[in-house]
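Topology and contacts: notes
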Amino acid sequence: QVQLVESGGGLVQAGGSLRLSCAASGRTSSTVTMGWFRQAPGKEREFVATIWLSASGTYYNTYFADSVRGRFTISRDNAKNTLTLQMNTLKPEDTAVYYCAASASPGMKRRQQDYDFWGQGTQVTVSS
């Protein structure tokens, strides 16, 4: 099993930045691919970003939802078992609960059903 705990959410004005972290514990070898999702009030949970190891095993690839590409970056520190989402130029429509997710299998994953483990979420509120 893998436990994921998000932190770093909060209230920020439009145009501001926030940095979300996700700490993984337990069987961290199962966090092969990791991602961020979000769920706004009254809406379904949606994909935000994912990071996965290249086929060569020498670097990480990243992929973002169109709505956040160019504003958000995703990174991971395997030594610290931490996943990070840096969010810049935040907009009110970024307001949501943000969830960290991990998959035990390799490759890019944008669907919720492809992830095996989930955190409890952290609230991000962007005021206009």
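Structure shown above.
None of the values given here were measured: they were computed from a predicted structure.

Of the two faces of strand E11 (residues 122-127), the one lined by Thr122, Val124 and Val126 is fully buried and the one lined by Gln123, Thr125 and Ser127 carries no buried residue. By the bridge criterion, four bridges tie strand E2 (residues 10-13) to E11 in an arrangement that is parallel. Following the sheet pairing, Leu11 is matched in E11 by Thr125. Here strand E9 (residues 96-103) pairs with E11 via three bridges, running antiparallel. Among the inter-strand pairings, Val97 is bridged to a residue of E11, identified as Gln123.

Turning our eyes to something else, we now look at the state of the cysteines. A full pass over the atoms with the stated rule returns one disulfide. Each disulfide pairs two cysteine sulfurs, and for Cys22 the partner residue is Cys100, the sulfurs being separated by 2.0 Å. Between Cys22 and Cys100 the disulfide shows an S-S torsion of about -75 degrees. By sign, it is left-handed. Separated by 78 residues along the polypeptide, Cys22 in strand E3 (residues 18-26) and Cys100 in strand E9 bring together distant segments of the chain. Of the residues examined, Cys100 reaches a relative accessible area of 0% and is grouped as buried.

Rules behind the numbers
- Residues numbered from 1 in each chain as written.
- Predicted model: local features only at pLDDT ≥ 70, side-chain atom pairs only at ≥ 80, totals over all residues.
- Heavy atoms only, no water.
- Buried < 20%, exposed > 50% of the residue type's maximum accessible area, 1.4 Å probe, protein only.
- Helix = DSSP H or I, 4+ residues; strand = E, 2+ residues; numbered from the N terminus.
- Pairing = 2+ DSSP bridges.
- Disulfide = S-S within 2.5 Å.

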